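Chain and residue survey
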Amino acid sequence: MAVAAKPLNVLLTGFEPFEQEAINPSWEAVRMLDGWKTGPATVHARLVPCVFGDALDTLNRAMDELKPRLVVCIGQAGGRAELTPERVAINIDDARVPDNHHRQPIDVPVVPGAPAAYFSTLPIKAIVRELRAAGVPASVSNSAGTFVCNHLFYGLMHRIALHADAGVRGGFIHIPYLPEQAARFAGAPSLPLDMLVNALRITVTTALAVKHDVRETGGQLH
Ligand code: PCA
């Protein structure tokens, strides 16, 4: 008798626009994948506010509801030319500009008393390799910054580390502007939406398939 496969949920999050932008490429790309199925997995897209604290509340509610096996949070990194899987989340909020609720924490921990940092548990090197093989520019990043993206990434990894969600893997990927955003800033790099969406499909399938990351160069001198 055939045994019904257990539903396997994948949570992708994207951010609302911030800092005078009308759109955020992370949500524009993530929302295209809501309901997408790959093998036994179904992707669920969620919009996250660009607000310290509230962003984590939204993530926690979505994880409680969906009990995902894989969580990939996506954010905009205007000025970057590539998709950049982040290696490490750090326990600090240090906002250069106010968030969407005019909060501007400076040098406070995301979680008081918690570890200084957590590593992504996504296979970041394998993701970069698969993206490049598909013709998508990608590199490992060693800093997710100290704004709301790092805040969300840290909160995600802290939750996973506390074993509230045993076996869950998670991480964060920054993505460049869309062309219509970059058109406002001379020389700013961008990638088109269809390439970003395809790159997120590759990211999900690679993260589900690769349990032990590949060992190859991806470091930086500084
Ligand atoms: N990028 C910001 C916050 C929201 C987003 O998309 C960041 O990198 O922190």
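This section reports on the structure supplied with the text. Counting from 1, residues in each chain are numbered in the order their sequence is written. Only residues with pLDDT of 70 or above have their local features reported here, since the model is predicted, and side-chain atom pairs are shown and tallied only from 80 upward, although totals for entire chains, interfaces and linings are computed over all residues. No hydrogens and no water enter the side-chain calculation; it runs on all heavy atoms of the structure.

Our focus in this paragraph is the packing of aromatic side chains. Stacked, edge-to-face and tilted are the three classes for Phe, Tyr and Trp ring pairs, Trp counted by its six-membered ring, which pair at centre distances within 6.5 Å; planes under 30 degrees apart are stacked, over 60 edge-to-face, the rest tilted. Summed over all chains, the structure comprises five aromatic pairs. With a centroid separation of 5.6 Å and 80° between ring planes, the pair formed by Phe 52 and Phe 147 is classed as edge-to-face. Separated by 95 residues along the polypeptide, Phe 52 in the loop between strand 3 (41–48) and helix 2 (54–66) and Phe 147 in the loop between helix 3 (124–133) and helix 4 (148–161) bring together distant segments of the chain. For Phe 52, a relative accessible area of 6% gives the class buried. Measuring from centroid to centroid gives 5.5 Å for Tyr 177 and Phe 185, while their planes differ by 15°, and the two rings are stacked. Partly exposed describes any residue whose relative accessible area lies between the buried limit of under 20% and the exposed limit of over 50%, with all areas from a 1.4 Å probe on protein chains only and scaled to the type maximum. Its relative accessible area of 11% is what places Tyr 177 among the buried residues. On the accessibility criterion, Phe 185 (32% relative accessible area) is partly exposed. Taken together through their ring pairs, the aromatic side chains of Phe 18, Phe 52 and Phe 147 make up a single cluster. Secondary structure elements are taken from DSSP: a helix is a run of H or I of four residues or more, a strand is a run of E of two residues or more, and numbering for both begins at the N terminus.

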